[in-house]
Amino acid sequence: MMLAGTIWQREFVEFAQRRRALVIKLAFPLLVAIPLVLSGAPSIYAAMALTILIAIVGALGAGAVLSRERQTGLTLRYRTLPVTPGRLLIERLSTNAVIDFVQLIPVLALIGVRHPSMFAWWPALLLTTAAVLLIGNLMGAVASSLSQSPGEVMLYVLIPLLPLLYLSGVFTPLSQPALLVVSRLLPFSYLHEALLGALTGQPTLPPWETLLAGLGFLVGAAGLAGRLGRRVFESD
C-alpha cells in the first residue's frame, strides 16, 4: 500500500505543482470543445472530433512521459521496487488516466450543460471516456518501449491509432457487415456512440449497451496492463 500511495502522490503532486502546464492541460481540451458543442455544429462532426481528442490525450501523454522516464533512467529505478512489473504498470497507467480524466471534466460538463435532456447517456459517456483514456495510456506505454525518442513514440502511437479510429466508424459510418463487427471490438466506437447520444445525435446503440461495453473495456485494459508490465519496464 505504501508503494501505491507513493506513486499516486508523486504523479498528482507533480501535476499540481506545474501550474502553467496544469492550465494548458485543462484549457486545451476545453478550447477545442467549445466551438464544437456551443456553435451548433452537426453532432456527427462534433462526436468525431471529440473522440479523436480523447483518444489522443491519453495515448500521446503516456507515451511522451514514459519515454522521457526511460531516457532519464527512472525506468531502471522502477525495477528495484518490491512489486511486480504488472502491478506497477497498472498503478502508473491508472494514475495517468485519472489525471487525463480531470483534464476532460470541463469538456464533459460542457456537454452536459449544453444538452441536459440527454442525461441518459451521461453514465455511458463517463465510463467509455475512462476506458478509452486507460487504453490510450496503455498504447502509449507499449509505444514507449519501442524507442527512447518522444517524437518516434508519438509516431508509433498515431500509426495504429488512426486506422483503429477509422475501423471504429469515427470518420465515416460503416455499412459493411464485416466492418461493423470489427468496430464492435474496438473501444473507440462505443465512445463515439456515447458522444453522439450526449450531443443529440443518432447513435446506433442504446445507452445501457454502450455503458456495459465501456465497463468491459475498462476491466480488460487493466488486465492487459498487468500482463504487459514486464514488456514495458524491462524491454531495454
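Residues numbered from 1 in each chain as written. Predicted model: local features only at pLDDT ≥ 70, side-chain atom pairs only at ≥ 80, totals over all residues. Heavy atoms only, no water.

## Details of the overall build of the protein chain
- Regarding its fold elements, the protein chain presents ten helices and zero strands.
- When the elements of the protein chain are put in sequence order from the N terminus, they spell out α-α-α-α-α-α-α-α-α-α.
- Across the 236 residues in the protein chain, those meeting the buried criterion constitute 45%.
- Considering only residue pairs separated by 6 or more positions, the protein chain has 77% of its internal contacts joining residues 24 or more positions apart.
- As displayed, the protein chain has an accessible area near 11500 Å², and 70% of this comes from carbon and sulfur atoms. (Helix = DSSP H or I, 4+ residues; strand = E, 2+ residues; numbered from the N terminus. Buried < 20%, exposed > 50% of the residue type's maximum accessible area, 1.4 Å probe, protein only. Contact = heavy atoms within 4.5 Å. Areas by Shrake-Rupley, 256 points an atom, 1.4 Å probe, with all protein chains shown as cover.)

## Side note on the layout of surface pockets
- Its boundaries defined by the atoms lining it, the second largest pocket holds a volume of some 270 Å³.
- Of all elements in the fold, only helix H8 (177-183) and helix H9 (187-198) reach the threshold of two or more residues within the lining of the second largest pocket.
- Counting residues per element, the lining of the second largest pocket draws most heavily on H9, which supplies four residues.
- Of the residues contributing to the lining of the second largest pocket, the split by class is seven nonpolar, eight polar and two charged. (1 Å grid on protein atoms, 1.4 Å probe; cavity = no way out; pocket = protein on both sides within 12 Å on 5 of 7 lines; lining within 4 Å. Points joined across faces, edges and corners; volume = space filled by probe spheres on them. Nonpolar A, V, L, I, M, F, W, Y, C, P; charged D, E, K, R; others polar.)

## With respect to the environment of glycine 229
- Structurally, the position occupied by glycine 229 is in helix H10 (residues 207-233).
- Among all residues touching glycine 229, those that are not within four sequence positions of it are Pro85, Gly86 and Leu89.

## Some words on the confidence of the model for the protein chain
- With 86% of its residues at a pLDDT of 70 or more, the protein chain has an overall mean of 86.
- Mean pLDDT across the secondary structure elements of the protein chain bottoms out at helix H1 (residues 2-17), with 58, and peaks at H9, with 97. (pLDDT = per-residue confidence, 0-100.)

## Points about the packing of helix H3 (residues 43-72) against helix H5 (residues 85-114)
- Between H3 and H5, whose axes approach to 10 Å, the crossing angle comes to 150°. Of the possible angle classes, the one that applies to H3 and H5 is roughly antiparallel. Here the hand of the crossing between H3 and H5 comes out right-handed. On H5, the residues touching Leu50, Ile54, Val57, Gly58, Val65, Leu66 and Glu69 of H3 are Arg92, Leu93, Asp100, Gln103, Leu104, Val107 and Ile111.
- Class assignment for the residues of the contact of H3 with H5 results in nine nonpolar, two polar and three charged. (Axes fitted to C-alpha atoms, helices over the stretch in contact; angles between N-to-C directions. Parallel < 35°, antiparallel > 145°, perpendicular 65-115°, else oblique. Left-handed = near helix turned anticlockwise from the far one by under 90°.)

## Comments concerning H10
- The end-to-end C-alpha distance of H10, which contains 27 residues, comes to 38 Å, matching closely the 39 Å that a straight helix rising 1.5 Å per residue would cover.
- Of all the bends found along H10, the most pronounced is centred on arginine 227 and spans about 50°.
- Of the residues making up H10, those classed as buried are Thr210, Ala213, Gly214, Ala221, Ala225, Gly229, Val232 and Phe233. (Expected span 1.5 Å × (residues − 1). Bend = angle between axes of the 7 residues up to and from the residue.)

## Remarks on a nonpolar patch on the surface
- There is a patch of nonpolar side chains on the surface, built from Leu146, Leu155, Tyr156 and Ile159 and spanning about 400 Å² of accessible area.
- Tracing the backbone shows tyrosine 156 in helix H7 (residues 150-167). (Patch = residues over 30% accessible without salt bridge, like charges linked within 9 Å, V, L, I, M, F, W, Y side chains within 5 Å. Salt bridge = Lys/Arg side-chain N within 4 Å of Asp/Glu carboxyl O.)

## What to know about the packing of aromatic side chains
- If you walk through the whole model with that rule in mind, you get one aromatic pair.
- Ring centres of tyrosine 190 and phenylalanine 217 lie 5.8 Å apart, and the angle between their planes is 45°; on these two criteria the pair is classed as tilted. Taken together, the residues span a long stretch of sequence, with tyrosine 190 in helix H9 and phenylalanine 217 in helix H10 at a distance of 27 residues. (Phe/Tyr/Trp six-rings, centres within 6.5 Å; stacked < 30°, edge-to-face > 60°.)

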